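Secondary and tertiary structure notes
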Amino acid sequence: QAPGLLGGSVYFDDATLNPVTLTGLQNPSFEIPGTGGPNPFQGWVKFGNVFSDGTLTQSGNTAAKMFGNWSGPFNASGVYQELAANPGETWTGTAYVGTTTADRVQGANFAALNIEWRDQFGTLISFASQYALDAATTPDVMHPVTVTGVAPPGTVSARIVPIHLQESTAGGAVWWDDITFTLAPSGCD
């Protein structure tokens, strides 16, 4: 009520309340550098060859650049973050991925966006995967990718894993940016 105690009324009807699940990820666009050591990004655990690079981004100044390890057939480079999860929950991951003309993915190399389901000991139970990019993908453009899966029995955590897989010694790199990882609302209305 405004000063002066003026009269008048308002009416509300058909209000709804919908749950919103935040991504929960730290540093989803790879803008915050790590504090040294093996991880180039705050909040992410890396494996293989992963670096901060601004050559190709969806937003901001940097993305996660990944390329092969030249250590045998289908070696992997990637990053992950892990969140608490329960059996039966539906999780969705989204991201943008691209390759450049100058460092284009070659041969049978490819990128995928994975959700990994882990048990109480951190052991992989199963995973959901969405093929994201290969040598035939248009370069110099960031492409959206989405993966969805339901947590199996025994799940205590879920990992979102953008990954680059290299076939033997085929060249090329991929850039990942703007990752989300969300839990679908559950219950009834």
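The structure contained in this document is the topic of the report that follows. (Residues numbered from 1 in each chain as written. Predicted model: local features only at pLDDT ≥ 70, side-chain atom pairs only at ≥ 80, totals over all residues. Heavy atoms only, no water.)

**Structural notes on the side chain of His164**
The criterion, for reference: A run of H or I in DSSP counts as a helix once it spans at least four residues, and a run of E counts as a strand once it spans at least two, with each numbered from the N terminus. Whether two residues are in contact is decided by their heavy atoms, any of which lying within 4.5 Å being enough.
Along the chain, His164 falls in strand β11 (residues 157-166). Look past the residues within four positions of His164 in its chain and what remains in contact with it is Met66, Phe67, Gly68, Asn75, Ala76, Ser77, Asn109, Phe110, Ala111, Gly172 and Val174.

**As for the pairing of strand β5 (residues 63-67)**
Our working rule: The classification of residues rests on relative accessible area computed with a 1.4 Å probe and restricted to protein chains. Under 20% of the type maximum is buried, over 50% is exposed, and intermediate values are partly exposed. Here, a strand pair is defined by DSSP locating no fewer than two bridges between the strands.
Counting buried positions over the five residues of β5 gives five, a clear majority of the element. Where β5 lies against strand β12 (residues 173-183), four bridges are found, and the strand directions are antiparallel. If you follow Ala64 over to β12, its bridge partner there is Trp176.

**Some thoughts on the packing of aromatic side chains**
Which entries qualify depends on this criterion: Within 6.5 Å between ring centres, the rings of Phe, Tyr and Trp (the latter by its six-membered ring) count as paired, and their orientation is classed by plane angle as stacked under 30 degrees, edge-to-face over 60, tilted in between. Any Lys NZ or Arg CZ that is within 6 Å of a ring centre and within 35 degrees of that ring's normal is treated as a charge sitting over the ring.
Taken as a whole, this structure holds seven aromatic pairs when the rule is applied. Between Phe110 and Tyr131, the ring centres sit 5.1 Å apart and the planes meet at 20°, which makes this aromatic pair stacked. Of this pair, Phe110 sits in strand β8 (residues 110-118) while Tyr131 sits in strand β9 (residues 124-134), and the two are 21 residues apart along the sequence. Residue class for Tyr131 comes out partly exposed when judged on its relative accessible area of 46%. An aromatic cluster of three or more residues is present, and its members are Phe30, Phe41 and Trp44. In this arrangement the basic side chain of Lys46 is found over the ring face of Phe51, its NZ or CZ atom lying 5.2 Å from the centre. The ring of Tyr80 is capped by Arg159, whose NZ or CZ atom sits 4.0 Å from the centre of that ring.

**Re the sheet that holds strand β10 (residues 143-150)**
In plain terms, the rule: A fitted line through C-alpha atoms represents every axis, and for helices the fit uses only the stretch in contact; the resulting angles, taken between N-to-C directions, go from 0 to 180 degrees.
Across the sheet, which stays open at both edges, the five strands sit in the order β4-β5-β12-β7-β10 with antiparallel pairing between neighbours. Both outer strands of the open sheet, β4 (49-53) and β10, are each paired with one neighbouring strand and no more. Strand after strand, the sheet turns through a mean of 35° between neighbouring axes, direction not considered. Pairing of strand β7 (residues 90-98) with β12 involves seven bridges; the strand directions are antiparallel. Residue Thr94 lies in a different strand from β12, and its bridge partner there is Thr180.

**Some remarks on the sheet that holds strand β3 (residues 45-47)**
Taken in spatial order, the five strands of this open sheet run β3-β6-β11-β8-β9, and their pairing is antiparallel. A strand with exactly one partner marks an edge of an open sheet, and here the two such strands are β3 and β9. This sheet shows a mean twist of 20° between the axes of neighbouring strands, independent of strand direction. As paired elements, strand β6 (residues 75-84) and β11 share eight bridges and run antiparallel to each other. In the sheet register, Gly78 faces β11, and the bridge partner there is Ile163.

**A closer look at unusual backbone geometry**
One non-glycine residue, Asn27, adopts positive backbone phi at about 55°. Its place among the elements puts Asn27 in the segment before β1 (33-36). By relative accessible area, which is 9% here, Asn27 ends up buried. For Asp140, which is not glycine, the phi torsion reads 65° and is therefore positive. Relative to the helices and strands, Asp140 resides in the loop between β9 and β10.

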